Amino acid sequence: MISKLIATTLFVALTGFAFGQTSHHSKNKPVNLTQYVDPYIGTGFHGHVFVGANVPFGAVQLGPTNLSKGWDWCSGYHISDSTIVGFQHTHLSGTGIGDLGDISFMPTTGAIKTIKGALADPASGYFSFFSRKDEVVKPGYYSVKLKRYNIGVKLTATTRVGFHEYTFPKSNQSHIVIDLEEGIADVPTETFIKLVNKTTIEGYRFSRGWAHDQRIYFIAVLSKPIAQFAVYDTTALQQGIMLRGQKVKGVISFATQKGEKVLVKVGLSPVSSSNALLNINSEIPGWNFNKVAADAHNAWNRELQKIEIKADSLSQLKKFYTALYHTMIAPSVFNDVNGDYRGTDKKVHNDHSFTNLTTFSLWDTYRAANPLYTIIQPERVNDIVNTMLAIYKQQGRLPVWHLMANETNTMVGNSAVPVIVDAYLKGFKGFDAKLAYEAVKNTQMQDMRGLKYVKALGYIPADSTVESVAMGLEYSINDWCIAQMALKMGNMADYEYFSKRGQNYRNYFDKQTGFMRGRLSATEWRTPFSPFVSRHMKDDFTEGNAWQYTWLVPQDVEGLIALQGGDQPFIQKLDSLFIAKGDMGSEASPDISGLIGQYAHGNEPSHHIAYLYAYAGQPWKTAEKVRYIMDNFYTTKPDGIIGNEDVGQMSSWYVLSAIGIYEVNPANGTFVFGSPAVNEATIRLPKGKQFHVIVKNNSDKNIYIGVISLNGKPYTHNFIRYSDLMNGGSLTIFMTDKPGNFGTLRADRPHSVY
């Protein structure tokens, strides 16, 4: 026994890891939370996460891009791949569509090659294999050895600058290939490169992909003088030191000694190469790679410390902090240090009053990521809203899925609306509220994307567009949100109008079948109908079926319960969702993953559903489902995210749920209790406040909430309001192994309007 005790003590001392007391703040030194981040989580299956070096919400995502193309390479990287074609400065994380991969740098030796090559004929191009054992991946830092060239690569970044350190072997033919043709799932439209002087290259890459007209400028500054610089049009060597064309390449050449380090600073700008240089001079004036890497690490650690947890296992810590890390890759900065940015109108704007952002996956993130930001990223919430309002002024409507000054119009609904309304109702003051209301109202009063039918009929006819039900349900959420904003502003006429439109979800509910379904007219439903079958981009739903979409009424759960016939029929139907078995058919989207019955956790429309039991008086069923999802659909393996990460949404669901809360209604400031996975969480709030969650008797068996106290007083509500959370304080949750009465009384259930 004594020897076992000594061994255990030694293990804890060596690893710094004691179960249940893992994360603690010493007075002298903040705990290093980045040690629990594993960027490989989500690189397998369909997670599509970014791997490389960046800082929180940075404009630069500098990392390796694999040779392979396809859906599982939307971020440019997949755990199954062992090839590298270059180190590119922009990447998406967790999207279902590929793009970016701009400004590709590849160090090489030997004969110059200017195309990446093919797997079947490695000698045909410059790509290299690598081994995972030679790879180091952590927040703010990436390193690897290129096997083919015996070149060591280290990468780090600031907000707008990528920093490379290449360790070359002895060679008279050492090169850096700058390939402006290369990108992820896009095509270059115009590229340009120029040797400015012995240590400086400038250029740009314009491309067409998911972002229809993307423009990015760069400047690269080297620590070693360039001996030769050659320009190529694809593979054809051209005269001179500058070239403009569709597929321009530039090759830097010099001799290197064994172990010689060559450093490259690459500044990006949406506006100009001169701004890119300004960004470098502001953010990395010197050449201290290790200091920049340390600063990036510290930036991540500061953000991760906004929620400090105690947990029972190392895997729980890894799941939590990797998820928190994934919530902060985007939205990403899209302006220069001088306030310049390119708008959706393609004009250059200058505004120092906010940080302009890009990469808004709003159909995903309005559900959990944006509500999470209102707690731990309040200063960025104003930037998000101000960016959206700038986009509104430039394109006449709020963004749908905005990428690099482009409206992609991806996904249904106007999901900027709940994000703006949520911020307004939660008391954010850093934006023009009058303009915000004008923007949400005018966006929802347009005729495009099915809205003309919403205004005229109250529903979108199924034969007028695909995805009519999903579209209509999202618009009902948007309209309900606008009604609440109008009410708070005292605009009663708009409140009445949009409240009525917020009830339009009822027009898609078929009482005969008990499901939401496509409606052709006031008297006719679309046939044939199956609640199971899903036909991607061909039917009435978006990446889902009627079983999944029947619950998409987070703005009026009481109304949805009434449609189903009251609490008991509602619960019976909800129980059935989690056990129903049926064939979705051969045309279902691969996004419909993470299935429990017909519940699909791998896709966002399901994310609030497990919490709906709380509204009908059976919160213990929420606890069972939420705990099961956290334990089984989030792991520490590369395939540890059950669907697309979706720019922070999958991970935000986990972060909130692990703490024990979730904002079902996207804009009423009510966080419903579930089943906390952590033993303790300290949320660091503005002005030095903290909200402390203490979970007593938590275990794999004790998954149910027994009683709760808030600031030492009994608390019976099965929800907590945003305002109470942000005031700071202490919430103590006592867990038990049997369902009890907590939160079951009608007065204690969450509800839609306060």
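Residues numbered from 1 in each chain as written. Predicted model: local features only at pLDDT ≥ 70, side-chain atom pairs only at ≥ 80, totals over all residues. Heavy atoms only, no water.

Draft legend 1. Geometry of the overall build of the chain. Tallying secondary structure elements over the chain gives 18 helices and 38 strands in all. Whereas a compact globule of 754 residues would reach a radius of gyration of roughly 27 Å, the chain reaches 26 Å, a difference of no more than 12%. Projecting the C-alpha coordinates of the chain onto the three principal axes gives extents of approximately 80 × 75 × 50 Å. Out of the 754 residues belonging to the chain, those deemed buried represent 65%. Looking at charge distribution, the chain has the averaged site of its 73 positive side-chain charges lying 5 Å from that of its 65 negative ones. (Helix = DSSP H or I, 4+ residues; strand = E, 2+ residues; numbered from the N terminus. Rg over C-alpha atoms; globule rule 2.2 N^0.38 Å. Buried < 20%, exposed > 50% of the residue type's maximum accessible area, 1.4 Å probe, protein only. Lys, Arg positive; Asp, Glu negative; His and termini not counted. Charge placed at Lys NZ, Arg CZ, Asp CG, Glu CD.)

Draft legend 2. Up close: the packing of helix α6 (residues 369-376) against helix α17 (residues 649-659). The geometry of α6 relative to α17 is characterised by a closest axis approach of 8 Å and an angle of 55° between their N-to-C directions. When the axis of α6 is compared with that of α17, the two are oblique. Helix-helix and strand crossings are classified by hand; for α6 and α17 the assignment is left-handed. Here Ala369, Leu372 and Ile375 of α6 lie close against α17, whose contacting residues are Gln649, Ser652, Val655 and Leu656. (Axes fitted to C-alpha atoms, helices over the stretch in contact; angles between N-to-C directions. Parallel < 35°, antiparallel > 145°, perpendicular 65-115°, else oblique. Left-handed = near helix turned anticlockwise from the far one by under 90°. Contact = heavy atoms within 4.5 Å.)

Draft legend 3. Just the side chain of Arg205, in detail. For Arg205, the location among the structural elements is in strand β12 (residues 200-208). When its relative accessible area of 0% is taken as the criterion, Arg205 is described as buried. Engagement of the side chain of Arg205 in a polar contact is seen with the side chain of Asp186, the distance being 2.9 Å. (Polar contact = N/O pair within 3.5 Å; in protein donor to acceptor, adjacent residues only side chain to side chain.)

Draft legend 4. Broad picture of the pattern of salt bridges. A full pass over the atoms with the stated rule returns 35 salt bridges. As a salt-bridge pair, Glu303 and Lys306 come within 3.0 Å of each other at their nearest N and O atoms. Classification of Glu303 as buried rests on a relative accessible area of 11%. Close ionic contact of Arg367 with Glu474 constitutes a salt bridge, the shortest N to O distance being 2.8 Å. Separated by 107 residues along the polypeptide, Arg367 in the loop between α5 (362-365) and α6 and Glu474 in helix α11 (residues 468-489) bring together distant segments of the chain. Glu474 gets classed as buried once you look at its relative accessible area, which sits at 0%. (Salt bridge = Lys/Arg side-chain N within 4 Å of Asp/Glu carboxyl O.)

Draft legend 5. Geometry of helix α4 (residues 314-326). For α4, built from 13 residues, the straight-helix expectation of 18 Å at 1.5 Å per residue is met to within 8% by its first-to-last C-alpha distance of 18 Å. Counted residue by residue, α4 has 10 buried out of 13 residues, so it is predominantly covered. Taken together, the buried positions of α4 are Gln316, Leu317, Lys319, Phe320, Tyr321, Thr322, Ala323, Leu324, Tyr325 and His326. Packed against the buried residues of α4 are α3 (289-304), β19 (307-310), α6, α16 (619-632) and α17. (Expected span 1.5 Å × (residues − 1).)

Draft legend 6. The arrangement of the packing of aromatic side chains in detail. What the rule picks out here adds up to 32 aromatic pairs. With centroids separated by 5.9 Å and ring planes inclined at 90°, the aromatic side chains of Phe168 and Phe254 adopt a geometry described as edge-to-face. Of this pair, Phe168 sits in strand β9 (residues 161-168) while Phe254 sits in strand β17 (residues 248-256), and the two are 86 residues apart along the sequence. For Phe168, a relative accessible area of 1% corresponds to the buried category. Taking 6.1 Å as the distance between ring centres and 65° as the angle between the ring planes, the aromatic pair formed by Tyr341 and Phe354 counts as edge-to-face. Of this pair, Tyr341 sits in strand β21 (residues 340-342) while Phe354 is found in the loop between β22 (348-350) and β23 (357-358), placing the two residues 13 residues apart along the sequence. The same class applies to Tyr341 and to Phe354, which are both buried. Ring-pair connections join several aromatic residues into one group, and the members of that group are Tyr611, Tyr634, Trp653, Tyr654 and Tyr662. Seen from the ring of Tyr424, Lys488 lies directly overhead, with NZ or CZ sitting 5.5 Å from the centre. The aromatic ring of Tyr459 is capped on one face by Arg519, whose charged end is 5.7 Å from the ring centroid. (Phe/Tyr/Trp six-rings, centres within 6.5 Å; stacked < 30°, edge-to-face > 60°. Lys NZ or Arg CZ within 6 Å of the ring centre and 35° of its normal.)

Draft legend 7. Structural view of unusual backbone geometry. For the bond running from Ala330 to Pro331, omega is 5°, close enough to zero to count as cis. The topology assignment puts Pro331 in the loop between α4 and β20 (332-333). Here the residue pair Thr527 and Pro528 is connected by a cis peptide bond, since its omega of -5° sits within 30 degrees of zero. Relative to the helices and strands, Pro528 is located in the loop between β28 (515-516) and α13 (546-549). Backbone geometry places Met411, a non-glycine residue, at a positive phi of 80°. In this fold, Met411 is placed in the loop between β26 (406-407) and α8 (416-425). With a relative accessible area of 18%, Met411 lands in the buried category.

Draft legend 8. Structural detail: the sheet that holds strand β16 (residues 242-245). Spatial strand order, β6-β7-β8-β9-β18-β13-β12-β11-β16: 9 strands in an open sheet with antiparallel pairing. Strands with a single pairing partner mark the edges of an open sheet, and in this sheet they are β6 (136-138) and β16. Each neighbouring strand pair of the sheet contributes to a mean axis angle of 15°, computed without reference to strand direction. Relative to strand β13 (residues 214-222), helix α2 (residues 273-283) is tilted by about 50°, and along the sheet it contacts β9, β12, β13 and β18 (260-269). (Pairing = 2+ DSSP bridges.)

Draft legend 9. Structural detail: the environment of Leu403. In this structure, Leu403 sits in strand β25 (residues 401-403). In this structure the C-alpha to C-alpha distance between Leu403 and His212, which are 191 residues apart in sequence, comes to 9.3 Å. When neighbours within four sequence positions are excluded, Leu403 is seen to be in contact with Leu92, Asp99, Leu100, Trp210, Ala211, Thr358, Thr359 and Thr408.

Draft legend 10. Quick look at the confidence of the model for the chain. Chain-level pLDDT for the chain is 95 on average; 96% of the residues reach the 70-or-more range. Throughout residues 1-27 the model reports pLDDT below 50, and contacts reaching past four residues in sequence, or to other chains, amount to 33 contacts. (pLDDT = per-residue confidence, 0-100.)

Draft legend 11. Quick look at the packing of α8 against α11. The interhelical angle for the contact between α8 and α11, taken along N-to-C directions, is 30°, at an axis separation of 9 Å. Accordingly, the angle class assigned to the pair α8 and α11 is roughly parallel. Between α8 and α11 lies a crossing whose hand is left-handed. Counting all contacts with α8, which are made through Val417, Pro418, Val421, Tyr424 and Leu425, the residues of α11 involved are Asn478, Cys481, Ile482, Gln484, Met485, Lys488 and Met489. By residue class, the composition of the contact of α8 with α11 is 9 nonpolar, 2 polar and 1 charged. (Nonpolar A, V, L, I, M, F, W, Y, C, P; charged D, E, K, R; others polar.)

Draft legend 12. Up close: the sheet that holds β26. The 3 strands lie next to each other as β24-β25-β26, forming an open sheet whose pairing is antiparallel. Both outer strands of the open sheet, β24 (360-361) and β26, are each paired with one neighbouring strand and no more.

Draft legend 13. Representation of the side chain of Gln316 within the structure. Its location among the elements puts Gln316 in helix α4. Looking at Gln316, its side chain comes within polar contact range of the main-chain oxygen of Ala677, at 3.0 Å. Those residues in contact with Gln316, other than ones at most four positions away along the chain, are Ala311, Tyr654 and Ala677.

Draft legend 14. Representation of α11. Counted at 1.5 Å a residue, the expected span for α11 with its 22 residues is 32 Å, and the 31 Å between its end C-alpha atoms agrees. Among the 22 residues of α11, 19 are classified as buried, and the element is accordingly described as predominantly covered. Gly490 sits one or two residues past α11 and shows a positive phi near 80°.

Draft legend 15. Structural detail: the environment of Arg749. In this structure, Arg749 sits in the segment after β38 (729-736). For Arg749, a relative accessible area of 11% puts it in the buried group. Remark: the alpha-carbon pair of Arg749 and Glu303, spanning 446 residues in sequence, is separated by 33 Å. When neighbours within four sequence positions are excluded, Arg749 is seen to be in contact with Asp567, Ala614, Tyr615, Ala616, Gly617, Phe719, Gly743 and Thr744.

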